[in-house]
Amino acid sequence: SCGIAGVDDVKLKKCTACYLVKYCSIKCQREHRSQHKKECKKRAAELRDEILFKQPESSHHGDCPICFLPLSLDNDKSSVMSCCSKIICDGCNEMRELEGNFEPKCPFCRHSPPKSQAEARKINMKRIEANDPVAIRQMGTRRYSEGDYDGAFEYFSKA
């Protein structure tokens, strides 16, 4: 604001609220504050809103391993495949059906689904032994729904 150009021997410091104005010194910043205050508050609010309302690049669930789009935060819009413990978005599951592929195979690993609950649990335990966090979380959810809160806590803390 004082007209001094930033060169090698003079390092200008940006306003830490709006990042629009550069100052050569704290004295210069204090002198200019009355002129800069209104615009600074407006820009700082815009920056804060931009950070608050920006859509995340990915969710905590990660991305679909087939289409690489972020998985929805709504668990009803994705499925955990019991064969490979991959979380697949419903769009990829529906696309497989639209293409005429009605075979009940996993869209990721192409394995057939387990024929029984016992087989599914056996596969899940195998994935847990391999320290698969999705399988561990799935077991924690199962324990929680069964009312075994201590077991659920144990699995959730491992995931």
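Rules of the game
- Residues numbered from 1 in each chain as written.
- Predicted model: local features only at pLDDT ≥ 70, side-chain atom pairs only at ≥ 80, totals over all residues.
- Heavy atoms only, no water.
- Patch = residues over 30% accessible without salt bridge, like charges linked within 9 Å, V, L, I, M, F, W, Y side chains within 5 Å.
- Areas by Shrake-Rupley, 256 points an atom, 1.4 Å probe, with all protein chains shown as cover.
- Salt bridge = Lys/Arg side-chain N within 4 Å of Asp/Glu carboxyl O.
- Helix = DSSP H or I, 4+ residues; strand = E, 2+ residues; numbered from the N terminus.
- Axes fitted to C-alpha atoms, helices over the stretch in contact; angles between N-to-C directions.
- Parallel < 35°, antiparallel > 145°, perpendicular 65-115°, else oblique.
- Left-handed = near helix turned anticlockwise from the far one by under 90°.
- Contact = heavy atoms within 4.5 Å.
- Expected span 1.5 Å × (residues − 1).
- Buried < 20%, exposed > 50% of the residue type's maximum accessible area, 1.4 Å probe, protein only.
- Arc of directions from axis to C-beta.
- Nonpolar A, V, L, I, M, F, W, Y, C, P; charged D, E, K, R; others polar.
- Phe/Tyr/Trp six-rings, centres within 6.5 Å; stacked < 30°, edge-to-face > 60°.

Observations regarding a nonpolar patch on the surface
Nonpolar side chains collect at one region of the surface, where Tyr-144, Tyr-149 and Phe-156 lie side by side and expose about 350 Å² of accessible area between them. With respect to the helices, strands and loops of the structure, Phe-156 is situated in helix H5 (residues 149-158).

Re the packing of helix H3 (residues 117-129) against helix H4 (residues 133-146)
Remark: H3 packs on H4, axes separated minimally by 8 Å, with the N-to-C direction vectors making an angle of 125°. Our classification of the angle between H3 and H4 gives oblique. For the element pair H3 and H4, the recorded crossing hand is left-handed. Contacts between H3 and H4 pair Arg-121, Asn-124, Met-125, Arg-127 and Ile-128 from the former with Ala-135, Ile-136, Gln-138, Met-139, Arg-142 and Glu-146 from the latter.

Here's the deal with H3
Within an α-helix, residues lying three or four positions from one another point in the same direction, as the helix has 3.6 residues per turn. Under the 1.5 Å per step criterion, the end-to-end length of H3 is 18 Å for 13 residues, consistent within 8% with the ideal 18 Å. For H3, the set of buried residues is Ala-120, Asn-124 and Ile-128. Within H3, the buried residues cover an arc of 80° as seen down the axis, which keeps them to one side. Those residues of H3 that are exposed and aimed more than 90 degrees away from the buried face are Ala-118, Lys-122, Lys-126 and Glu-129. Structurally, H3 contributes buried residues whose contacts are with H4 and H5. Remark: Asn-131 follows H3 within two positions and exhibits a positive phi of approximately 60°.

Details of the side chain of Arg-142
When you line up the elements, Arg-142 lands in helix H4. For Arg-142, the contacting residues outside a window of four places in its chain are Arg-121 and Asn-124.

So, the side chain of Ser-85
On the secondary structure map, Ser-85 appears in the loop between strand S3 (78-80) and strand S4 (87-89). Excluding its chain neighbours within four sequence positions, the residues that come into contact with Ser-85 are Val-80, Arg-127, Asp-132, Val-134 and Ala-135.

What about the packing of H4 against H5?
Contact pair H4 / H5: the axes reach a minimum separation of 8 Å and the direction vectors enclose 165°. For the element pair H4 / H5, the angle class is roughly antiparallel. When the axes of H4 and H5 are compared, the crossing they make is left-handed. When H4 is examined against H5, the residues Ile-136, Arg-137, Met-139, Gly-140, Thr-141, Arg-143 and Tyr-144 are found in contact with a partner set consisting of Tyr-149, Gly-151, Ala-152, Tyr-155, Phe-156 and Lys-158. Residue composition of the contact of H4 with H5, grouped by class: seven nonpolar, three polar and three charged.

Here we look at unusual backbone geometry
In this structure, Phe-68 is a non-glycine residue whose phi angle is positive, near 65°. Of note, Phe-68 is situated in the loop between helix H1 (26-53) and S3. On the basis of relative accessibility, which here comes to 60%, the residue Phe-68 falls in the exposed class.

A look at the packing of aromatic side chains
Within this structure, the stated rule accounts for one aromatic pair. On the numbers, 5.1 Å between centres and 65° between planes, the contact of Tyr-144 with Tyr-149 is edge-to-face.

Some words on the pattern of salt bridges
Tallied over the full model, the rule gives seven salt bridges. For the salt bridge of Glu-146 with Arg-121, the shortest nitrogen-to-oxygen distance reads 3.8 Å. Of the two residues, Glu-146 is situated in helix H4 and Arg-121 in helix H3; the sequence distance between them amounts to 25 residues. For Glu-146, a relative accessible area of 48% puts it in the partly exposed group.

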